[in-house]
Amino acid sequence: MTTATATFANHLTYRPGKIRNRVLWTLQILLGLFFIIASGGPKLVIPNTLADNAPENLTIPLGLLIFIGLAEVAGGIGLMVPRLSALAAAGLSVLTVLAAATQAFIADKPSMAIFPLVLAAIFAWIAHERRTTLTDLRNSLSR
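Position numbers for residues count from 1 along each chain, tracking the sequence in the order it is written. Totals for whole chains, interfaces and linings use all residues, but because this is a predicted model, local features are given only for residues with pLDDT of at least 70 and pairs of side-chain atoms are given and counted only at 80 or more. Hydrogens and waters are ignored; side-chain quantities use all the structure's heavy atoms.

1. Description of the layout of surface pockets
Space inside the largest pocket adds up to approximately 1,000 Å³. In terms of residue count, helix H5 (residues 85-106) provides more of the lining of the largest pocket than any other element does, seven residues in total. Here a cavity means grid points, on a 1 Å grid over the protein atoms only, where a 1.4 Å probe fits yet cannot get out; a pocket means an open set of points with protein on both sides within 12 Å along at least five of seven lines; lining residues are those with an atom within 4 Å of a point. Grid points are joined across faces, edges and corners, and a volume is the space filled by probe spheres set on the points. Here the second largest pocket defines a volume of roughly 170 Å³. In this structure, the second largest pocket is lined by Ala71, Ala74, Gly75, Gly78, Leu84, Leu87, Ala88, Gly91, Leu92 and Leu95. Elements that contribute at least two residues to the lining of the second largest pocket include exactly helix H4 (62-79) and H5. With five residues, H5 is the largest single contributor of residues to the lining of the second largest pocket. Residues are grouped as follows: nonpolar covers Ala, Val, Leu, Ile, Met, Phe, Trp, Tyr, Cys and Pro; charged covers Asp, Glu, Lys and Arg; every other residue, Gly included, is treated as polar. The class makeup of the residues in the lining of the second largest pocket is seven nonpolar, three polar and no charged. Going along the chain from the N terminus, every DSSP run of H or I of four or more residues is numbered as a helix, and every run of E of two or more is numbered as a strand.

Here's what the structure looks like:
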(Lines give C-alpha, C1' and ligand atoms only; values in the text may rest on other atoms or scores of the structure.)
Protein backbone atom coordinates (compact mmCIF):
# COMPACT_ATOMS: atom_id res chain seq x y z
CA MET A 1 0.00 0.00 0.00
CA THR A 2 1.44 3.35 -0.98
CA THR A 3 1.61 6.27 1.39
CA ALA A 4 -1.10 8.18 -0.48
CA THR A 5 -3.42 5.17 -0.36
CA ALA A 6 -2.77 4.64 3.34
CA THR A 7 -3.43 8.30 4.10
CA PHE A 8 -6.65 8.21 2.10
CA ALA A 9 -7.79 5.02 3.86
CA ASN A 10 -7.07 6.53 7.28
CA HIS A 11 -8.97 9.68 6.31
CA LEU A 12 -12.10 7.64 5.50
CA THR A 13 -12.02 5.76 8.80
CA TYR A 14 -11.52 8.84 10.99
CA ARG A 15 -13.45 8.78 14.24
CA PRO A 16 -13.29 11.54 16.87
CA GLY A 17 -11.69 10.77 20.24
CA LYS A 18 -13.71 10.05 23.38
CA ILE A 19 -13.73 13.61 24.78
CA ARG A 20 -14.33 15.18 21.37
CA ASN A 21 -17.16 12.73 20.77
CA ARG A 22 -18.81 13.75 24.06
CA VAL A 23 -18.44 17.44 23.21
CA LEU A 24 -19.95 16.81 19.78
CA TRP A 25 -22.92 14.87 21.17
CA THR A 26 -23.53 17.54 23.81
CA LEU A 27 -23.54 20.25 21.15
CA GLN A 28 -25.68 18.15 18.80
CA ILE A 29 -28.31 17.48 21.47
CA LEU A 30 -28.42 21.08 22.73
CA LEU A 31 -28.54 22.58 19.24
CA GLY A 32 -31.00 19.93 18.08
CA LEU A 33 -33.37 20.77 20.93
CA PHE A 34 -32.89 24.48 20.27
CA PHE A 35 -33.86 24.10 16.61
CA ILE A 36 -36.83 21.86 17.42
CA ILE A 37 -38.25 23.84 20.35
CA ALA A 38 -37.14 27.45 20.01
CA SER A 39 -36.47 28.01 16.33
CA GLY A 40 -38.46 25.68 14.08
CA GLY A 41 -41.29 24.80 16.45
CA PRO A 42 -42.80 28.29 16.69
CA LYS A 43 -42.67 28.63 12.89
CA LEU A 44 -44.89 25.54 12.67
CA VAL A 45 -47.15 26.17 15.66
CA ILE A 46 -47.77 29.94 15.39
CA PRO A 47 -46.67 30.97 11.87
CA ASN A 48 -49.37 33.65 11.49
CA THR A 49 -48.30 35.40 14.70
CA LEU A 50 -44.66 35.38 13.62
CA ALA A 51 -45.53 36.69 10.17
CA ASP A 52 -47.70 39.46 11.65
CA ASN A 53 -44.99 40.52 14.12
CA ALA A 54 -42.18 40.57 11.56
CA PRO A 55 -40.56 43.94 10.81
CA GLU A 56 -41.88 45.76 7.74
CA ASN A 57 -38.67 45.25 5.78
CA LEU A 58 -38.67 41.48 6.44
CA THR A 59 -41.92 40.11 5.10
CA ILE A 60 -41.69 36.38 4.53
CA PRO A 61 -44.49 34.49 2.77
CA LEU A 62 -46.33 32.14 5.12
CA GLY A 63 -45.45 29.08 3.01
CA LEU A 64 -41.75 29.92 3.13
CA LEU A 65 -41.92 30.45 6.89
CA ILE A 66 -43.49 27.02 7.36
CA PHE A 67 -40.91 25.44 5.02
CA ILE A 68 -38.07 26.99 7.05
CA GLY A 69 -39.68 25.71 10.24
CA LEU A 70 -39.90 22.19 8.79
CA ALA A 71 -36.25 22.35 7.70
CA GLU A 72 -35.17 23.51 11.15
CA VAL A 73 -37.15 20.82 12.98
CA ALA A 74 -35.91 18.12 10.58
CA GLY A 75 -32.33 19.35 11.03
CA GLY A 76 -32.72 19.39 14.80
CA ILE A 77 -33.99 15.81 14.79
CA GLY A 78 -31.29 14.76 12.33
CA LEU A 79 -28.56 16.14 14.60
CA MET A 80 -29.62 13.66 17.26
CA VAL A 81 -29.76 10.63 14.94
CA PRO A 82 -26.24 9.16 14.63
CA ARG A 83 -26.49 8.17 10.95
CA LEU A 84 -27.96 11.52 9.93
CA SER A 85 -25.85 13.85 12.07
CA ALA A 86 -23.35 14.96 9.40
CA LEU A 87 -26.05 15.46 6.77
CA ALA A 88 -28.23 17.42 9.21
CA ALA A 89 -25.30 19.55 10.36
CA ALA A 90 -24.38 20.37 6.75
CA GLY A 91 -27.97 21.30 5.96
CA LEU A 92 -28.29 23.46 9.06
CA SER A 93 -24.99 25.13 8.20
CA VAL A 94 -26.39 26.19 4.83
CA LEU A 95 -29.67 27.25 6.44
CA THR A 96 -27.94 29.44 9.03
CA VAL A 97 -25.71 31.08 6.38
CA LEU A 98 -28.87 31.95 4.47
CA ALA A 99 -30.42 33.29 7.69
CA ALA A 100 -27.33 35.47 8.24
CA ALA A 101 -27.56 36.78 4.68
CA THR A 102 -31.24 37.56 5.20
CA GLN A 103 -30.45 39.49 8.39
CA ALA A 104 -27.56 41.37 6.82
CA PHE A 105 -28.97 42.24 3.41
CA ILE A 106 -32.76 42.03 3.47
CA ALA A 107 -33.51 43.07 7.06
CA ASP A 108 -30.60 45.54 6.90
CA LYS A 109 -29.32 44.49 10.35
CA PRO A 110 -25.79 43.14 9.79
CA SER A 111 -25.12 42.91 13.53
CA MET A 112 -27.92 40.32 13.78
CA ALA A 113 -26.05 38.08 11.31
CA ILE A 114 -23.31 37.22 13.80
CA PHE A 115 -25.28 34.56 15.72
CA PRO A 116 -26.34 32.60 12.61
CA LEU A 117 -22.75 32.74 11.29
CA VAL A 118 -21.41 31.34 14.57
CA LEU A 119 -24.00 28.57 14.36
CA ALA A 120 -22.98 27.91 10.74
CA ALA A 121 -19.35 27.49 11.82
CA ILE A 122 -20.37 25.10 14.61
CA PHE A 123 -22.53 23.07 12.23
CA ALA A 124 -19.71 22.94 9.66
CA TRP A 125 -17.39 21.63 12.37
CA ILE A 126 -19.94 19.00 13.44
CA ALA A 127 -20.43 17.94 9.80
CA HIS A 128 -16.66 17.64 9.37
CA GLU A 129 -16.22 15.61 12.55
CA ARG A 130 -19.15 13.32 11.71
CA ARG A 131 -18.18 12.90 8.04
CA THR A 132 -17.84 9.13 8.36
CA THR A 133 -21.59 8.91 8.96
CA LEU A 134 -22.08 10.09 5.37
CA THR A 135 -20.09 7.13 4.10
CA ASP A 136 -21.96 4.78 6.47
CA LEU A 137 -25.29 6.19 5.29
CA ARG A 138 -24.33 5.83 1.61
CA ASN A 139 -23.19 2.24 2.18
CA SER A 140 -26.40 1.30 4.03
CA LEU A 141 -28.57 2.82 1.29
CA SER A 142 -26.68 1.10 -1.53
CA ARG A 143 -27.23 -2.42 -0.20
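2. Things to note about the environment of Ala124
Relative to the helices and strands, Ala124 resides in helix H6 (residues 114-129). Remark: the alpha-carbon pair of Ala124 and Pro47, spanning 77 residues in sequence, is separated by 28 Å.

3. Overview of H4
Helix span, as expected, comes to 1.5 Å for every residue beyond the first. An ideal rise of 1.5 Å per residue puts 26 Å on 18 residues; H4 measures up with 26 Å between its terminal C-alpha atoms. Those residues of H4 that sit buried are Leu65, Ile68, Gly69, Glu72, Val73, Gly75, Gly76, Gly78 and Leu79. As for H4, its buried residues are in contact with helix H2 (18-45), helix H3 (47-52), H5 and H6. Whether a residue is buried, partly exposed or exposed follows from its accessible area with a 1.4 Å probe, protein chains only, as a fraction of its type maximum: under 20%, in between, or over 50%, in that order. Two residues qualify as a contact provided that any one of their heavy atoms is within 4.5 Å of a heavy atom in the partner residue.

4. Observations regarding the UniProt feature "transmembrane region" (unreviewed entry) in the protein chain
Residues given the UniProt feature "transmembrane region" (unreviewed entry) here are residues 23-46, 58-79, 86-106 and 112-128. For residues 58-79, the helix share is 82%, the strand share is 0%, and the end-to-end C-alpha distance is 28 Å. Helix makes up 100% of residues 86-106 and strand 0%, and the two end C-alpha atoms of the span are 29 Å apart. UniProt positions are given in the numbering used here, feature names are shortened, and annotations may be inferred rather than shown by experiment.

5. A closer look at the nonpolar core
Here, nonpolar core means buried Ala, Val, Leu, Ile, Met, Phe, Trp, Tyr and Cys residues that are tied together by side-chain atoms lying within 4.5 Å of each other. If you look at the biggest cluster of nonpolar residues, it comprises 12 residues: Leu24, Leu31, Phe35, Leu79, Ala88, Ala89, Leu92, Leu95, Leu119, Phe123, Ile126 and Ala127. Contributions of two or more residues to this core are made by H2, H5 and H6.

6. Quick word on H5
An ideal rise of 1.5 Å per residue puts 32 Å on 22 residues; H5 measures up with 30 Å between its terminal C-alpha atoms. Here H5 has its buried residues at Ser85, Ala86, Ala88, Ala89, Leu92, Ser93, Leu95, Thr96, Ala100 and Ala104. Those residues of H5 that are buried are in contact with H2, H4, H6 and helix H7 (132-141).

7. A few points about the side chain of Gln28
Within the secondary structure, Gln28 is located in helix H2. You can call Gln28 buried: its relative accessible area is 0%. Once residues within four sequence positions are removed from consideration, Gln28 is found in contact with Leu79, Met80, Ser85, Ile126 and Arg130.

8. Thoughts on the environment of Ala74
Looking at the secondary structure, you find Ala74 in helix H4. Residues Ala74 and Ile36, 38 residues apart in the sequence, show an inter-C-alpha distance of 7.9 Å.

9. So, the packing of H5 against H7
Orientation is described by axes fitted as lines to C-alpha atoms, over the contacting stretch for helices, and by angles from 0 to 180 degrees between their N-to-C directions. At a closest axis distance of 7 Å, the pairing of H5 and H7 adopts a crossing angle of 120°. Together, Ser85, Ala86 and Leu87 of H5 and Thr133, Leu134 and Leu137 of H7 make up the contact between the two elements. The residue inventory of the contact of H5 with H7, partitioned by class, reads four nonpolar, two polar and no charged.

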